[in-house]
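# What the coordinates show
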Amino acid sequence: MMSDLYCVARFNAKPGKAQELQQALKSLIANTHREDGCLLYQLTEEVPYAGANGEPWDCVFIEQWASREAFEAHCAQPYIKEYFEQLAPALVADADVRLFRPL
């Protein structure tokens, strides 16, 4: 039985590049929403909260996928590879991509 997979992908922009990074990440959404197995692919910005620990991230994708296979297929899409190979090096200072499964 396959179970949902969640992904939290956090990004900090290089100095002065936050707007550009947001636009680059937003450009991935329409294609991703058309992928099989994409249940949620939402770009967010942090809302200040007293329970937060550490520095805020510039933008965070909250993702839900039908399976690990659907997530891996997403990572192999040409537009995702192009983002990580062509755009990210100029825009991203730090990235943290983590996968979660339901308990």
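Because the structure is a prediction, the values reported are computed rather than measured.

Let's shift gears to the sheet that holds strand 3 (residues 59-65). The sheet built from 4 strands is open, its strands ordered 2-3-1-4 with antiparallel pairing. Two strands in the sheet have a free side with no partner beyond their single neighbour: strand 2 (38-44) and strand 4 (92-100). Sheet twist, expressed as the mean angle between neighbouring strand axes with direction ignored, is 10°. Of the strand pairs in this sheet, strand 1 (residues 5-13) and strand 4 are connected by 8 bridges, and their pairing is antiparallel. If you follow N12 over to strand 4, its bridge partner there is D94. Running over the sheet, helix 1 (residues 18-26) touches strand 1, strand 2, strand 3 and strand 4 and is turned about 150° from strand 1.

Rules used in this analysis
The numbering scheme is per chain: residues are counted from 1 as the chain's sequence reads. With the structure being a predicted model, the display of local features is reserved for residues of pLDDT at least 70 and the display and counting of side-chain atom pairs for 80 or more, all residues being used for whole-chain, interface and lining totals. Side-chain measures were taken over the full set of non-hydrogen atoms in the model, leaving aside hydrogen atoms and water. Paired strands, in this sense, are two strands between which DSSP finds at least two bridges. Segments assigned H or I by DSSP are reported as helices when at least four residues long, segments assigned E as strands when at least two residues long, and all are numbered from the N terminus. With axes taken as lines fitted to C-alpha atoms, and helix axes fitted only over the stretch in contact, angles between N-to-C directions fall between 0 and 180 degrees. Two residues form a contact once any of their heavy atoms are found within 4.5 Å.

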